[in-house]
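# Fold and geometry: a report
Residues per chain, in single letters:
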Amino acid sequence: SAVISQKPSRDICQRGTSLTIQCQVDSQVTMMFWYRQQPGQSLTLIATANQGSEATYESGFVIDKFPISRPNLTFSTLTVSNMSPEDSSIYLCSVGGTSYEQYFGPGTRLTVT
Amino acid sequence: AQSVSQHNHHVILSEAASLELGCNYSYGGTVNLFWYVQYPGQHLQLLLKYFSGDPLVKGIKGFEAEFIKSKFSFNLRKPSVQWSDTAEYFCAVNAPLNDMRFGAGTRLTVKP
């Protein structure tokens, strides 16, 4: 399985600002995913980011709020824009495995004050 | 759309007790099924997966799960839990060409 790292591991931000989360994988992968895990809840898919194409967003998530970059096969970023306290959550990136499974990074814990 | 239901929000067991966590999904076609575990302070880890073949799947740390197609179920089992199994467990379903959907999770607390 791939080894995935995320930066930052946690951050406290003021409302109205933006935060960019980085996801680095130790091997080349086609499919990368970004999830949100709100306190005490399950994972919700934000978008799928495949290299060479625009990210595909799930219902309820828009590019203006969560712009994603995927410049190569080992790296992706998710930006949380114009943050509000409701954006406080853990943000996770994952990569697709060989048989539809996914492997997850450690997550970024975001607190918006 | 696919959905995943986990029946138990919080399960409390004593060490050596047997464990069964329920998972049902709603999708009529071919599915891939997963159980993930999230230990306190750690990231999500793949516990086991089912794609085809033997419906009884064995995973890491003594866990197993049984796929029962007629019941749309994929329950997780362990004969004897340990304190170190205390964690959050997530069932997930992925149909071909669809995204992975996660259940709400079951928090397992094992008392020493």
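Note: the structure precedes this text.
What comes next is a walk through the structure.

This part is about the nonpolar core. Judged by nonpolar contacts, the single largest core of 39 residues is most densely connected at Tyr35(A), Tyr36(B) and Phe102(B). Ignoring sequence-local partners within four residues, the contact set of Tyr35(A) consists of Leu43(A), Thr44(A), Leu45(A), Ile46(A), Ile90(A), Tyr91(A), Leu92(A), Ser94(A), Gln102(A), Phe104(A), Met100(B) and Phe102(B). In terms of nonpolar packing, the next biggest core, distinct from the first, is built from 29 residues, Val4(B), Val57(B), Leu76(B) and Cys91(B) among them.

Turning to the packing of aromatic side chains, a few remarks are in order. Summed over all chains, the structure comprises 14 aromatic pairs over all chains. Arranged with centres 5.8 Å apart and planes meeting at 75°, the rings of Phe34(B) and Phe51(B) form a pair that is edge-to-face. Taken together, the residues Phe34(B) in strand E5 (residues 32-38) and Phe51(B) in the loop between strand E6 (45-50) and strand E7 (56-58) connect sequence positions 17 residues apart. A network of ring pairs unites the aromatic residues Tyr35(A), Phe104(A), Phe34(B), Tyr36(B), Phe51(B) and Phe102(B) as a single cluster.

Here we take up the side chain of Gln102(A). Examined against the element boundaries, Gln102(A) turns out to sit in strand E10 (residues 102-104). Its relative accessible area of 2% is what places Gln102(A) among the buried residues. Within polar-contact distance, the side chain of Gln102(A) engages the side chain of Ser94(A) at 2.8 Å. If sequence neighbours within four positions are ignored, Gln102(A) has contacts with Phe33(A), Tyr35(A), Ser94(A), Val95(A), Gly96(A), Gly97(A), Tyr36(B) and Met100(B).

We now examine unusual backbone geometry. Residues Lys7(A) and Pro8(A) are joined by a peptide bond in cis, for which omega reads -10°. Relative to the helices and strands, Pro8(A) resides in the loop between strand E1 (4-7) and strand E2 (10-13). Positive phi is not limited to glycine here, since Ala16(B) has a value of about 80°. By the secondary structure assignment, Ala16(B) is in the loop between strand E2 (10-14) and strand E3 (19-21). A residue is classified by how much of its surface remains accessible, and Ala16(B), at 53% relative accessible area, is exposed.

Taken together, the contact pairs 16 residues of chain A with 18 residues of chain B. Regarding the contact of chain A and chain B, the summed buried area is about 1400 Å², with carbon and sulfur atoms giving 56% of it. Counting the surface chain A buries against chain B, the share from its top three residues, Ser42(A), Tyr100(A) and Phe104(A), is 35%. If you look at where chain A meets chain B, you find two salt bridges. Lys49(B) is the salt-bridge partner of Glu101(A), the closest N and O atoms lying 3.2 Å from each other. At the junction of chain A and chain B, the tally comes to five residue pairs in polar contact (both at pLDDT 80 or more). Secondary structure elements with two or more residues in the side of chain A that touches chain B: strand E4 (31-37), strand E5 (43-50) and E10 of chain A. The class makeup of the residues in the side of chain A that touches chain B is seven nonpolar, seven polar and two charged.

All names here are of chain A. Strand order in the open sheet formed by four strands is E1-E3-E8-E7, with antiparallel pairing between adjacent strands. At either margin of the open sheet sits one strand with a lone partner, and together these are E1 and strand E7 (68-72). The mean angle between the axes of side-by-side strands here comes to 15°, regardless of whether they run parallel or antiparallel.

With that settled, consider the pattern of salt bridges. All names here are of chain B. With the rule as written, the count across this model stands at eight salt bridges over all chains. A salt bridge links Glu64 to Arg77; its shortest N-O distance comes to 3.4 Å. Residue Glu64 is located in strand E8 (residues 64-68), and its partner Arg77 is located in strand E9 (residues 73-78); the two are separated by 13 residues in the primary sequence. Notably, a salt bridge pairs Lys78 with Asp85, separated by 2.9 Å at the nearest N-O pair. Each member of the pair Lys78 and Asp85 is classed as buried. Among the ionic contacts, a cluster of salt bridges with common partners joins Lys58, Glu64, Glu66 and Arg77.

Taken as a whole and judged by the stated rule, the model has two disulfides over all chains. For Cys23(A), the disulfide goes to Cys93(A), at an S-S distance of 1.9 Å. Between Cys23(A) and Cys93(A) the sulfur-sulfur dihedral comes to about 70°; the bridge is accordingly right-handed. You can see Cys23(A) sitting in strand E3 (residues 19-25) and its partner Cys93(A) sitting in strand E9 (residues 89-96), a full 70 residues away along the chain. Residue Cys23(B) pairs covalently with Cys91(B) via a disulfide, S to S 1.9 Å. Taking the sign of the S-S torsion, about -65° here, the bridge from Cys23(B) to Cys91(B) comes out left-handed. Of the two residues, Cys23(B) is situated in strand E4 (residues 23-26) and Cys91(B) in strand E10 (residues 87-94); the sequence distance between them amounts to 68 residues. Residue class for Cys91(B) comes out buried when judged on its relative accessible area of 0%. The thiol of Cys13(A) is not disulfide-bonded; the next cysteine sulfur, from Cys93(A), is found 17 Å away.

About the cut-offs
Residues numbered from 1 in each chain as written. Chains lettered and ligands numbered in written order. Predicted model: local features only at pLDDT ≥ 70, side-chain atom pairs only at ≥ 80, totals over all residues. Heavy atoms only, no water. Core = buried A, V, L, I, M, F, W, Y, C linked by side-chain atoms within 4.5 Å. Buried < 20%, exposed > 50% of the residue type's maximum accessible area, 1.4 Å probe, protein only. Contact = heavy atoms within 4.5 Å. Phe/Tyr/Trp six-rings, centres within 6.5 Å; stacked < 30°, edge-to-face > 60°. Helix = DSSP H or I, 4+ residues; strand = E, 2+ residues; numbered from the N terminus. Polar contact = N/O pair within 3.5 Å; in protein donor to acceptor, adjacent residues only side chain to side chain. Buried area = accessible area lost by both parts, 1.4 Å probe. Salt bridge = Lys/Arg side-chain N within 4 Å of Asp/Glu carboxyl O. Nonpolar A, V, L, I, M, F, W, Y, C, P; charged D, E, K, R; others polar. Pairing = 2+ DSSP bridges. Axes fitted to C-alpha atoms, helices over the stretch in contact; angles between N-to-C directions. Disulfide = S-S within 2.5 Å.

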